[in-house]
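Chain and residue survey
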Amino acid sequence: MKHLYNCSYGQLVEAIYALGREESARYKTLAHYLLGYFSYAFTRAYIYEKLAIQSDGNILVKKGTFKSLIGENIVDDWSMLIMPSTSRERNVDVEEIAAASEDKSNRILEYFSNFKDVTLTQVFFETLKDEQVEDTLKYRYVAELIRNIELILLFFANIREGGQNGVINSDSFTWDFKIDFSKEGKERIMFMPLIEGASKISFVGDYSVLNFVGNSMYASKMLEEFEKGLIICLDKKYGLYEDDSKSTLQEVFARELKLYSLKEQFENWEKEFGESSLPLPLYWFDFTYNILKRVKRAMNEEFIVSADTEIYFIVYKNYISLF
């Protein structure tokens, strides 16, 4: 069982799933009690955070707590078997190419799975088109490009400086991009990380398709600076602002961006359902547990076959201590 002692939603699901099947279902009743407890605990944490519940003037659950409870992943490594194999061309023009044998970024879209320490420079890049067309089509292409790169961001959690454990400090970090030429002579936009007082910093993140669920809680805020960085960079090629002051977007582009931007769509989501809303009710633990259990059962895959029963209780103890 990978990362056994780390608290994550996916590991908790797997530990309860395995416990219910130990010793001819001897612990089935306990598994049911655990499902009830964690459904209560997750729901309480989520509602308290969403509604900013206070006691004696103090907020009981701070903003970002529920997302941190999800941990490294929502579904564990068996999920890699769900999707067929696909491939993504490696960007060979980055410094990390020397570590290609160790880097997993050329496989991040290969499976519906989880990968740690993916180098972001090798993920946030796209070849650009020379759009010699009328403005509406040109700006629509740029808006769609921004939407597609924003979507990739939502698949990542725990973005941090390479080799560090903590997440980046949003006060000193900016999403900077640049346009350069690949070895094939094609223009492309690339993420070029900068942090105050440092240079040549490599940033990494943990990838999972289901990270978008946790990230959706504060996606509009998360995407705000990211989208701004993309627009500032792409303006140099496509002329997205009305003038050099960079204060007003071209009217046609602003209209297209409103239609395609994920930031705009999440802002609309928040207006409709409130801030911190989730598209998948992870707080309803027994509900999502049963979804994942049935998917796994349909795949007829074994899991955690060699762990001792005692190890499951370590997982429960670690998680219960968080509430």
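Parameters and conventions
- Residues numbered from 1 in each chain as written.
- Predicted model: local features only at pLDDT ≥ 70, side-chain atom pairs only at ≥ 80, totals over all residues.
- Heavy atoms only, no water.
- Helix = DSSP H or I, 4+ residues; strand = E, 2+ residues; numbered from the N terminus.
- Buried < 20%, exposed > 50% of the residue type's maximum accessible area, 1.4 Å probe, protein only.
- Contact = heavy atoms within 4.5 Å.
- Areas by Shrake-Rupley, 256 points an atom, 1.4 Å probe, with all protein chains shown as cover.
- Pairing = 2+ DSSP bridges.
- Axes fitted to C-alpha atoms, helices over the stretch in contact; angles between N-to-C directions.
- Patch = residues over 30% accessible without salt bridge, like charges linked within 9 Å, V, L, I, M, F, W, Y side chains within 5 Å.
- Salt bridge = Lys/Arg side-chain N within 4 Å of Asp/Glu carboxyl O.
- Lys, Arg positive; Asp, Glu negative; His and termini not counted.
- Charge placed at Lys NZ, Arg CZ, Asp CG, Glu CD.
- Parallel < 35°, antiparallel > 145°, perpendicular 65-115°, else oblique.
- Left-handed = near helix turned anticlockwise from the far one by under 90°.
- Expected span 1.5 Å × (residues − 1).

**Regarding the overall build of the chain**
Scanning the chain from N- to C-terminus turns up 10 helices and 10 strands. In the chain, buried positions account for 45% of the 323 residues. For the chain, restricting intrachain contacts to residue pairs at least 6 apart in sequence, the fraction spanning at least 24 positions comes to 74%. Just so you have it, the chain exposes about 17200 Å², and 51% of that area is on carbon and sulfur atoms.

**Considerations on helix α1 (residues 9–19)**
Most of α1 is tucked away: 11 of the 11 residues are buried. For α1, the complete set of buried residues consists of Y9, G10, Q11, L12, V13, E14, A15, I16, Y17, A18 and L19.

**Some words on the sheet that holds strand β8 (residues 187–191)**
Strand order in the open sheet formed by three strands is β4-β8-β7, and the pairing between neighbours is antiparallel. For this open sheet the edge positions go to β4 (125–127) and β7 (177–181), each flanked by a neighbour on one side alone. Across the sheet, the mean angle separating the axes of adjacent strands is 20 degrees when strand polarity is ignored. Relative to β8, β7 is paired through five bridges, and the arrangement is antiparallel. Its bridge partner being in β8, K178 is matched across the sheet by M190. In the packing of helix α6 (residues 219–238) onto the sheet, contacts are made with β7 and β8, and the angle to β7 comes to roughly 35 degrees.

**Some words on a negative patch on the surface**
On the surface, E242, D243, D244 and E251 cluster together into a negatively charged patch. Residue position: E242 is located in the loop between α6 and α7 (251–260). You can call E242 partly exposed: its relative accessible area is 47%.

**Some details on the packing of α6 against helix α8 (residues 262–273)**
Running from amino to carboxyl end, α6 crosses α8 at an angle of 155 degrees, the nearest separation of the two axes being 9 Å. Judged by the angle between their axes, α6 and α8 are roughly antiparallel. In this structure, α6 crosses over α8, and the sense of that crossing is left-handed. Along the contact surface, α6 presents A219, S220, L223, E224 and E227, while α8 presents L262, K263, F266, E267 and E270.

**What about helix α2 (residues 28–50)?**
Helix length check: α2 (23 residues) gives 33 Å between terminal C-alpha atoms against 33 Å at 1.5 Å per residue, within 8%. Every buried residue belonging to α2 is among A31, L34, L35, F38, S39, A41, F42, A45, Y46 and E49, and all of these are buried. With its phi angle positive at about 55 degrees, A52 sits one or two positions after the end of α2.

**Examining the side chain of S216**
Mapped onto the secondary structure, S216 falls in the loop between α5 (211–215) and α6. With sequence-adjacent residues up to four places away left out, S216 is seen in contact with F266, S277, L278 and P279.

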